[in-house]
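One-letter residues, chain by chain:
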Amino acid sequence: MKNIIRNLIVTVAFLFSGASYAGATAGTDYTLLNPAQPVSTSKIEVLEFFFYGCSHCFHLHGPLSTWEKTMPADVELTYVPVVFRDTWEPMAYTFYALQSMGQLHKYHDALFNAWNVDNIDLHDQSRILDFLGSRGIDRNKFSSAYSSFSVNSQVIRSKQMIRSYGIQGTPTLVVDGRYVITGLQPDQTIRVLNELIAKVRATRPVESKSTKAKAKH
């Protein structure tokens, strides 16, 4: 009987000990954004502030891409290219130009590899055009998109967001305009991301079946 009681005590102690590590911890795993920023979707918004030439962004890119393929249906992931200096600006224009052309998915990985694996200099538009052109991009369409008003507006918006969100480094993830994840290893980042999404979901009102049915129509 004593052995049974002792085993139960050890088991309970282990469970409570594990529970203290089960959830993401403010100040350690994430910080709170102050002030919180408005979100642009009815889903749980996840923003990744990144730069193609950032080695930490490159290391997170694989795990985050894998996560994106199976992310919950009520979550929306948006990439925000960061411009901390003038030499980073061409890559922001490149990102939004490819996105406007519907070609981002095709070249996203290649741009990360160019910077971080092949050490290709993509600091200006002509080098970027040569790189993408050698991989099948329509040079004229890309140049037109790169120089378009809409892409320029998106780059300006990206710079505004960097200031509003107080982004200091890359990669930085922001969940629901409130929770900031940065400085963690890739596997820890994904773990905390999932936990914060669950945290946000738990605070949202549950939709009734009738509401869901109306939404479908």
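Everything here concerns the structure above.
Please read all numbers here as calculations on a predicted model, not as lab measurements.

### Structural notes on the sheet that holds strand S1 (residues 31-32)
Each strand in a sheet pairs with its neighbour through backbone hydrogen bonds, running either in the same direction (parallel) or in the opposite one (antiparallel).
Phase 1 of the analysis: Spatial ordering of the open sheet is given by S1-S5-S4-S2-S3, a layout of five strands whose pairing is mixed. Edge positions in the open sheet fall to S1 and strand S3 (75-81), since each of these has one partner strand only.
Phase 2 of the analysis: Of the pairings in the sheet, the one linking strand S4 (residues 172-175) to strand S5 (residues 179-182) comprises four bridges and is antiparallel in character. Within S5, the position partnered with threonine 172 by the bridge is threonine 182.

### Details of the packing of helix H3 (residues 89-101) against helix H4 (residues 104-116)
Phase 1 of the analysis: Where H3 contacts H4, the two axes come as close as 9 Å, and the packing angle between them is 155 degrees. As far as their axial angle goes, H4 and H3 are roughly antiparallel. Both H3 and H4 take part in a crossing whose hand is right-handed. Between H3 and H4, the residues in contact are Met91, Thr94, Phe95, Leu98 and Gln99 and Leu104, Tyr107, His108, Leu111 and Trp115, respectively.
Phase 2 of the analysis: Each residue belonging to the contact of H3 with H4 can be placed in one class, and the counts come to seven nonpolar, three polar and no charged.

Conventions and cut-offs
- Residues numbered from 1 in each chain as written.
- Predicted model: local features only at pLDDT ≥ 70, side-chain atom pairs only at ≥ 80, totals over all residues.
- Heavy atoms only, no water.
- Pairing = 2+ DSSP bridges.
- Helix = DSSP H or I, 4+ residues; strand = E, 2+ residues; numbered from the N terminus.
- Axes fitted to C-alpha atoms, helices over the stretch in contact; angles between N-to-C directions.
- Parallel < 35°, antiparallel > 145°, perpendicular 65-115°, else oblique.
- Left-handed = near helix turned anticlockwise from the far one by under 90°.
- Contact = heavy atoms within 4.5 Å.
- Nonpolar A, V, L, I, M, F, W, Y, C, P; charged D, E, K, R; others polar.

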